[in-house]
Amino acid sequence: MGQRQWPGPDPAHRHGLGAAADRPPLGAPRSLAFDNQGRLVMILGRRGLARLERGKLTIWDGRQIGFERPGSLTVRANDVLVGGTTGLLRLTDKGMQVLDVADHPWLFDTRGIIATGNGTTWLLGYRGLSRVATAALDGAFAAPRRPIPHTTFDDDDRRIALPQPGAGEQMVADGGGRVLALTRSGVLEALPWSSPLPEAPYRLFVRALEANGNEIAASGAPVLPVGTTQVTIRYGVLDLATPSQRRFRVRLSGLDETWAGNGTAQDISYANLAPGAYRFEVQTTDRQGAWQPQGAALAFTIRAAFWQTTWFRLAVAAVILVLARALYLQRTRVLLARARAKREGQVAERERIARELHDTLLQGVQGLILRFQAVATRASLDPATRAELDAVLERGDDVVAAARDRVIDLRAQSAAAVDLGQALAPLATQGCADTQPPPVVLRITGKPRQVAAGVAEECLAVAQEAVENARRHASAQTITVALHFGPCDLILRISDDGVGFAGAPCGAEGHFGLVGMRAGRLRARIDIRNGAQGGAVVQLRVPGRTAYRA
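Just so we're clear, the structure is a prediction, and the values are computed from it rather than from any experiment.

K.L.:
Explain unusual backbone geometry here, please?
P.N.:
Peptide bonds are mostly trans, and most non-glycine residues show a negative phi. The phi dihedral of Arg54 is positive, around 55°, even though this residue is not glycine. You can see Arg54 is positioned in the loop between strand 3 (48-53) and strand 4 (56-61). Residue classification places Arg54 among the exposed residues on the basis of a relative accessible area of 85%. At Arg69, a residue that is not glycine, the phi angle is positive and equals roughly 50°. In this structure, Arg69 sits in the loop between helix 2 (62-65) and strand 5 (70-75).

Laid out in C-alpha cells, this is it:
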C-alpha cells in the first residue's frame with residue numbers, strides 16, 4: 001500500500017511541490033480535515049494554514065492574514081471554520097474572513113464548533129460554552145465589527161467553562177440535537193432546550209476621576225484645576241451574574257461625539273485636553289452582546305488660566321492691532337520724512353543749478369547778443385547781411401527767453417501732477433531759425449490722466465529733443481507727436497516722414513542726442529527706429545504705476 005508522509009517541518013518540500021527555500025517554515029501539520037469538495041485543509045505549526053487541491057498546495061502565513069495560533073478545524077457545507085487565539089476564521093472558495101477577538105472576546109481560542117439541525121451553533125472556547133444562531137454567525141462575517149447576539153455559559157454559570165488544553169475533538173453531537181462538550185470539569189451536555197440564565201439587573205457607575213496624578217471623587221460635577229491636560233476615568237459595573245462578559249464603549253463630549261469601544265477595560269485616559277466643559281459617558285453590553293442604553297455619565301470642567309480665556313485673547317488681539325497701527329503710522333511718518341528730505345534736497349539742487357545758469361550761461365549769451373546788435377547797427381552792412389543778423393538776433397532772444405523760463409521753473413516748486421498734453425502743445429508753434437520749420441501735429445488718445453511732474457518733465461525733454469532733431473536733420477514735411485494714455489502704460493511717440501536714420505541713431509559728439517534721452521530714470525522702454533513708411537520713429541513707453549498720479 002502506497003504512503004505519503006510529511007514528518008518534517010516543510011510539507012511542501014516533502015510532498016514534492018517545490019524546494020524548501022520557496023516555502024515559509026510554518027511547521028508540521030497539527031490538524032487535518034477534508035472540506036465538502038474533498039480538499040485537504042491543514043493547520044501548520046502555530047500560525048499557518050494550508051489547503052491541498054489536485055496536487056497544488058496553498059499556504060497562508062498567519063502573520064500576513066492577521067490570524068495567529070489556529071487550534072481547531074470545523075467543516076461545514078460551504079466553508080471551513082478555524083478557531084484561534086485571535087478569533088474565528090472562515091475559509092471559502094472566495095477567500096478568508098475573520099471575526100477578530102478584539103470585537104468578540106467570547107471567540108477567544110475556540111476549540112470546538114458544532115451546528116445543530118435546529119439552526120443553533122455551539123462554540124467551546126477559553127471564555128466558555130457559547131450558543132449563537134447559525135444565521136447570525138454567518139451574517140457576522142459580512143459586518144465583522146458588529147456585535148453578534150449570543151449566550152455564553154462561562155465560569156460564572158455553574159463552573160462549566162474552560163475546555164481541555166490538549167488537541168483533538170472536544171465537541172460532538174448526535175442526530176437528535178444533543179451536544180457533548182469536553183471541559184476541564186468533565187463532559188458537559190448541552191440539551192436542545194437549554195436556555196440562558198435570566199438577564200440579571202446591573203448598575204454601571206463611574207468610580208473615580210484622576211487628574212495630573214490626583215484622584216478626585218466622581219460625584220457632582222467636579223472642577224479640575226488650572227493646567228490640567230490629562231485625566232484618567234475609572235468605571236465599573238455591579239453585576240452578580242456575568243461580570244466577565246461585559247464589554248464597554250465610551251465617549252467624551254467636548255472632545256469627540258462618537259462612541260469608541262474600550263473592550264473589557266474599566267478605565268480610560270485622555271491627554272492634551274483644553275480648558276472647557278466635558279461629559280463622559282459609558283455603556284455596556286448584555287449577555288447577548290447588544291449595547292444597553294442604560295449607562296453612566298460624569299460631567300466635569302477644566303478651569304482655564306487667565307491667558308486661556310476669551311477676554312484675554314480678545315485683549316491680546318486688540319493690543320496687536322493697536323501696535324500694528326502704531327508701527328504703520330510710524331513707518332508712514334518715516335517714509336514721508338525721507339521723501340520730504342529728498343524733495344528738499346532736489347529743490348536745493350535745482351536752485352543751485354538755476355543760479356549757476358543765470359549767472360554764467362545766460363549772462364554770457366546775453367552779452368553775445370548785445371555785441372551782435374552793435375555789429376548789426378553799423379551802416380556798412382549790406383541789406384542781406386543785416387536781415388540775416390536780425391533773424392539770428394531774434395532767435396537768440398527766443399533762446400534767452402526760453403532759458404529764463406527754464407531757470408524760473410527750476411527755482412519754483414514743481415507741481416505734484418502735470419497735464420502732459422497741455423505741456424506738449426507749445427511744440428506745435430515752435431520753429432527753427434535755420435530753416436523753414438515743418439508743421440508739428442499733436443494727437444492725444446485714451447482717457448487723459450494727470451502725470452507725475454518728474455515723468456512729465458522727462459517726456460517733454462524727450463519730445464523736444466526728437467522734434468528738434470527731426471527739424472534739423474530729417475528733411476521732413478510733417479512731424480507727428482502722439483500721446484496715448486493707456487490703462488497700463490503711457491506711450492509718447494514722435495514720428496516724421498523724412499529721410500530716417502542712415503546708421504545707428506546717435507547724437508553728435510558733445511551734445512545730448514537720441515542716445516542721451518534718459519528713459520532709464522523712468523524705468524521706461526525707448527524704441528528708436530526707422531518707420532515702416534519711411535522717416536524716423538522715437539517711442540517712449542512708461543509703466544502706468546510710474547507715470548500716473550491718482
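Moving on from the coordinates now.
K.L.:
Looking at this structure, I do not really get the pattern of salt bridges. What am I missing?
P.N.:
A side chain with one charge may pair with a side chain of the opposite charge, provided their charged atoms come close. If you walk through the whole model with that rule in mind, you get 17 salt bridges. For Asp109, the salt bridge goes to Arg111, with nearest N and O atoms at 3.1 Å. For Arg251, the salt bridge is made with Glu281, and the minimal N-O distance between the two is 2.9 Å. Of the two residues, Arg251 sits in strand 20 (residues 248-253) while Glu281 sits in strand 23 (residues 276-284), which places them 30 residues apart along the sequence. For Arg251, a relative accessible area of 22% gives the class partly exposed. Glu281 gets classed as buried once you look at its relative accessible area, which sits at 16%. A cluster of three or more residues bridged by salt bridges with shared partners is formed by Asp35, Arg39, Glu53 and Asp93.

K.L.:
How should I be thinking about helix 7 (residues 453-473) in this particular structure?
P.N.:
For an α-helix, the turn length of 3.6 residues means that residues three or four places apart are oriented alike. For helix 7, built from 21 residues, the straight-helix expectation of 30 Å at 1.5 Å per residue is met to within 8% by its first-to-last C-alpha distance of 30 Å. Those residues of helix 7 not exposed but buried are Ala453, Val455, Ala456, Glu458, Cys459, Val462, Ala463, Ala466, Val467, Ala470 and Arg471. Directly beyond the C-terminal end of helix 7, a positive phi value near 55° is found at Ser475.

What counts, and where the lines are drawn
- Residues numbered from 1 in each chain as written.
- Predicted model: local features only at pLDDT ≥ 70, side-chain atom pairs only at ≥ 80, totals over all residues.
- Heavy atoms only, no water.
- Helix = DSSP H or I, 4+ residues; strand = E, 2+ residues; numbered from the N terminus.
- Buried < 20%, exposed > 50% of the residue type's maximum accessible area, 1.4 Å probe, protein only.
- Salt bridge = Lys/Arg side-chain N within 4 Å of Asp/Glu carboxyl O.
- Expected span 1.5 Å × (residues − 1).

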